[in-house]
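For reference, the chains in residue letters:
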Amino acid sequence: MHFRNRFLLFALCFTLCISVMSVPASAKSPTAISIYLDGKKINADVPPYIIPKVNVTMVPLSVISKNLGAGVAWSQSEKTATITYNDLTLSMKSGQKYAIVNGEQVELDASIQIIKGRTMVPIRFVSNQMKLLVTWVQSEQMIKLQSEKGLEDKTLTGAWVSTVFNLDWPSSSSYGKSAQQKQEYIQMLDELQGMGINTVFVQVRPAADSFYPSQLVPWSKFLQGKQGLAPDYDPLQFMIEETHNRGMEFHAWFNPFRANTDAKTENLAANHIAITNPEWIVKSGSLLYINPGIPEARQHIIDVIMEVVKGYDIDGVHLDDYFYPSNGVFDDDSTYLTYNAKSITNKADWRRDNINQFVEQLGQSIRKSKSQVQFGISPFGVWRNQSIDPTGSDTKAGVTAYDNMYADVRTWIKQEWIDYVTPQIYWSLSLKIAQYDTLVNWWAKEVEGTNVDLYIGHAPYKLGTTEAGWSSAQEIINQLEYNKKVPVVKGDIFFSAKDLRKNPLGLIPLLQDYYKVKRP
């Protein structure tokens, strides 16, 4: 539900154009572009082509009538094309810099054109007005159109893009080289889209820092090699534009409470939270964390996230499972005594309440600012074991989201504080202590009867390892096939981009076949 609506909103944000004239000599070759509607190829009597500079794709008017089921009319005397579809009436006149859509003017950038006696119209503009999803697949020179009926069956296929330690993007060799960073991102997107991926979840806050110009936190060291050092472009804006240009979704992934990837502070920027507010920081193991028990600290993180929500055209806000650390000592005894206005007698319940308040308040802030931006979280794959809680899953996990990370995911779902949940089910169909299908079924029951979508997190990084079930890439396909049997599963997300791109055990062609992606 949410995924379809988001794509429709995205599709409607484009403006395009029209007017009857000869095709410019500089127009790109029309022979390379193909068009598909709901997966079926459309044959055009005149090949589509792109108008340079404005990047408008033109198709014959007959494509609209024969394949999209719209009524079309061309008035030679008035040099006007009229398209009718359901409750839509759309008129475009030669030489006019606007179209008339249901009696209202809509500004245009380009014009209707005539080629070989055929009237050519801008496909994205027309399709947007008809509320179709339009996707341009650059690597294949392909236009993909999807009707509302086709969109009902569309699932989200995502990949996590880790920036921490330069795991997925950018490479450490690109420090100080913006052109290289941009090319790396473009190549990664093209490869992911070529596998069937339609959404990326890019880590824009790896450790209380940013991949965008922020008034609240320093530039990430994983951009230039030194924290606080600014690049000569806005990476987040660049990534969003490149992603949207391909008809893909961009979710900004935030690590909420990790303050640093080690316990050192000497290399942190002067405006890093561990320097400006050291009283908010707790050292646990080898990492620094922002203390979730301090209300001002939680609000700071919400403010950081809202800076992106308000300033960028993102499709979603995504959080990982970094709440409280799952092991080691977390010294918050004094915080528990100081910030316990509800007089919660159990410290574990108090910790869960801190995270609940954070999730609820962040969700409210996002919806109040931009209701179309989705808010989702990817918790650890096991909520609780049945041996501890009879309502938990039939698993024997050594770590659970509820008991070790203090993530009360059930409450988030039942209260609908989030729009989607993506449990990290990183185990195979044959690992008995945490079996994939057992966990999918458990999470499916949790979201039933709610407006929270369920996406499943998969682990291609485990392919080829000695853990049970990962000796063949068919394991991933079998998991995807299993998800088809569970109606509430709305999509799949893979960890991570680099592991998909490595083609572990020949996974890429299997994904291309599964997602019916045309191979080069």
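Per chain, residues are indexed from 1 in the order of the written sequence. The model is predicted, so local features are restricted to residues of pLDDT at least 70 and side-chain atom pairs to those at 80 or more, both for listing and for counting; the totals for chains, interfaces and linings are taken over all residues. To obtain the side-chain values, all non-hydrogen atoms of the structure were included, while hydrogens and water were left out.

**Considering the overall build of the protein**
Okay, step 1: Within the protein one finds 17 helices and 24 strands.
Okay, step 2: Each radius of gyration reported is based on C-alpha atoms, and the globular scaling rule is 2.2 Å times the count of residues to the power 0.38. A compact globule built from 520 residues should have a C-alpha radius of gyration of about 24 Å, and the protein, at 25 Å, falls within 12% of that.
Okay, step 3: C-alpha atoms of the protein, sized along the principal axes, occupy 80 × 50 × 45 Å.
Okay, step 4: Only protein chains enter the accessibility calculation, which uses a 1.4 Å probe; a residue whose area is less than 20% of its type maximum is buried, one above 50% is exposed, and one in between is partly exposed. Expressed as a percentage of its 520 residues, the buried residues of the protein come to 58%.
Okay, step 5: A fraction of 68% describes how many contacts in the protein between residues 6 or more apart in sequence connect residues 24 or more apart. Helix and strand assignments follow DSSP, with helices taken as H or I runs no shorter than four residues and strands as E runs no shorter than two, numbered in order from the N terminus. Residue contacts are defined here by distance: any two heavy atoms, one from each residue, within 4.5 Å place the two residues in contact.

**Here's the deal with the nonpolar core**
Okay, step 1: Here the nonpolar core consists of buried residues drawn from Ala, Val, Leu, Ile, Met, Phe, Trp, Tyr and Cys, with membership extended through side-chain atoms lying within 4.5 Å. Grouped together as the largest cluster of nonpolar side chains are 125 residues, with contacts concentrated most on Tyr185, Phe250, Ile314, Trp412 and Trp443.
Okay, step 2: Examining the composition of this core, we find that eight residues originate from one element, helix α9 (residues 295-311), more than from any other.
Okay, step 3: Those residues in contact with Ile314, other than ones at most four positions away along the chain, are Ile240, Phe250, Ala252, Val308, Val309 and Val373.
Okay, step 4: Grouped together as the second largest cluster of nonpolar side chains are 30 residues, Ile42, Ile50, Val121 and Trp136 included.

**Here's the deal with the sheet that holds strand β15 (residues 199-205)**
Okay, step 1: The eight strands lie next to each other as β14-β15-β16-β20-β21-β22-β23-β24, forming a closed barrel whose pairing is parallel.
Okay, step 2: Strands are treated as partners if at least two bridges between them are detected by DSSP. One ladder, built from two bridges, connects strand β22 (residues 420-421) with strand β23 (residues 453-458); its direction is parallel. Paired with Tyr420 across the two strands is Asp453, which belongs to β23.
Okay, step 3: Throughout, an axis means a line fitted to C-alpha atoms (over the contacting stretch in the case of helices), and angles, computed between N-to-C directions, take values from 0 to 180 degrees. In the packing of helix α5 (residues 178-195) onto the sheet, contacts are made with β14 (156-161), β15 and β16 (249-254), and the angle to β15 comes to roughly 145 degrees.
Okay, step 4: Along the sheet face, helix α11 (residues 347-369) touches β20 (316-319) and β21 (374-377) and points at about 160 degrees away from the line of β21.

**Re the side chain of His300**
Okay, step 1: Counting through the fold element by element, His300 comes out in helix α9.
Okay, step 2: Sequence-distant contacts of His300, that is, excluding residues within four places in its chain, are made with Leu216, Val217, Ile273 and Trp280.

**Here we look at unusual backbone geometry**
Okay, step 1: In this model, Trp169 is joined to Pro170 through a cis peptide bond whose omega is -15 degrees.
Okay, step 2: Within the secondary structure layout, Pro170 lies in the loop between β14 and α5.
Okay, step 3: Positive phi, close to 50 degrees, is recorded for Asn102, a residue that is not glycine.
Okay, step 4: When its relative accessible area of 46% is taken as the criterion, Asn102 is described as partly exposed.

**Notes on the sheet that holds strand β11 (residues 118-122)**
Okay, step 1: Taken in spatial order, the four strands make up an open sheet running β3-β4-β11-β10, and their pairing is antiparallel. Every other strand in the sheet has two partners, leaving β3 (49-51) and β10 (113-115) as the edge strands with one partner each. Ignoring which end each strand starts from, the neighbouring axes of this sheet average 40 degrees apart.
Okay, step 2: Two strands pair when backbone bridges link them, and β10 and β11 are joined in this way by three bridges, in the antiparallel orientation. By the bridge assignment, Ile114 is partnered in β11 with Thr119.
Okay, step 3: Against the sheet, helix α2 (residues 61-68) touches β4 (56-60) and β11, its axis set at about 65 degrees to β4.

**A closer look at the packing of α9 against α11**
Okay, step 1: Where α9 meets α11, the closest approach of the two axes is 10 Å, and the angle between their N-to-C directions is 25 degrees. The angle between the axes of α9 and α11 places the two elements in the roughly parallel class. In terms of crossing hand, the pair formed by α9 and α11 is right-handed. For the pair α9 and α11, contact is made by Arg298, Gln299, Ile301, Ile302, Ile305, Met306, Val309 and Lys310 and by Asn354, Gln357, Phe358, Gln361, Leu362, Ser365, Ile366 and Ser369, respectively. Reported orientations rely on four angle classes, namely roughly parallel under 35 degrees, roughly antiparallel over 145, roughly perpendicular from 65 to 115, and oblique for the rest. Crossing handedness: left-handed means the near helix sits turned counterclockwise from the far one by under a right angle, and right-handed means the same turn made clockwise.

**What about the side chain of Ser162?**
Okay, step 1: On the secondary structure map, Ser162 appears in the loop between β14 and α5.
Okay, step 2: Residue Ser162 is classed as buried on the basis of its relative accessible area, which comes to 2%.
Okay, step 3: Excluding anything up to four places from it in sequence, Ser162 contacts Leu167, Asp168, Trp169, Gln203, Trp253, Phe495 and Ser496.

**Description of the packing of aromatic side chains**
Okay, step 1: Ring pairs are drawn from Phe, Tyr and Trp, using the six-membered ring of Trp, whenever the two centres fall within 6.5 Å, and their geometry is named by plane angle: stacked under 30 degrees, edge-to-face over 60, tilted for the rest. Following the criterion strictly, the structure yields 25 aromatic pairs and no others.
Okay, step 2: With a centroid separation of 6.1 Å and an interplanar angle of 80 degrees, the aromatic rings of Tyr289 and Phe330 are classed as edge-to-face. Taken together, the residues Tyr289 in strand β19 (residues 287-290) and Phe330 in the loop between β20 and α10 (333-338) connect sequence positions 41 residues apart. In this structure, Tyr289 and Phe330 share a single accessibility class: buried.
Okay, step 3: Both rings, one in Phe380 and one in Trp427, keep their centres 5.5 Å apart while their planes meet at 80 degrees; by these two values the pair is edge-to-face. Taken together, the positions of Phe380 in the loop between β21 and α12 (401-404) and Trp427 in the loop between β22 and α14 (436-447) put the pair 47 residues apart, joining distant regions of the chain. Taken as a pair, Phe380 and Trp427 share a single burial class, namely buried.
Okay, step 4: A ring has a charge above it when a Lys NZ or an Arg CZ is no more than 6 Å from the ring centre and no more than 35 degrees off the ring normal. Positioned over the ring face of Tyr406 is Arg351, at 4.9 Å from the centre of the ring.
Okay, step 5: In this structure, Arg410 packs its charged tip against the face of Trp383, placed 4.1 Å from the ring centre.

**Describing the confidence of the model for the protein**
For any part of a model where pLDDT is low, the fine detail of the predicted coordinates should not be relied upon.
Okay, step 1: Confidence scores labelled pLDDT are given residue by residue by the predictor and lie between 0 and 100. Summary statistics for the protein give a mean pLDDT of 89 and a share of 91% for residues scoring 70 or more.
Okay, step 2: Counting interchain partners and residues more than four positions distant, the pLDDT-below-50 stretch residues 1-31 has 108 contacts.

**Looking at the pattern of salt bridges**
Okay, step 1: In what follows, salt bridge is the name for a side-chain nitrogen of Lys or Arg lying within 4 Å of a carboxyl oxygen of Asp or Glu. In total, this model carries 15 salt bridges according to the counting rule given.
Okay, step 2: A salt bridge links Asp403 to Arg384, with the shortest nitrogen-to-oxygen separation between them at 2.8 Å. With Asp403 in helix α12 and Arg384 in the loop between β21 and α12, this pair connects stretches of sequence that are 19 residues apart.
Okay, step 3: The exposure class assigned to Arg384 is buried, which follows from its relative accessible area of 14%.
Okay, step 4: Of the charged contacts in the structure, one is a salt bridge between Glu446 and Arg410, with a shortest N-O distance of 3.0 Å. Of this pair, Glu446 sits in helix α14 while Arg410 is found in helix α13 (residues 409-414), placing the two residues 36 residues apart along the sequence.
Okay, step 5: With relative accessibility at 7%, the residue Glu446 sits in the buried group.
Okay, step 6: What emerges from the salt-bridge pattern is a single network uniting Asp332, Asp333, Lys347 and Arg351.

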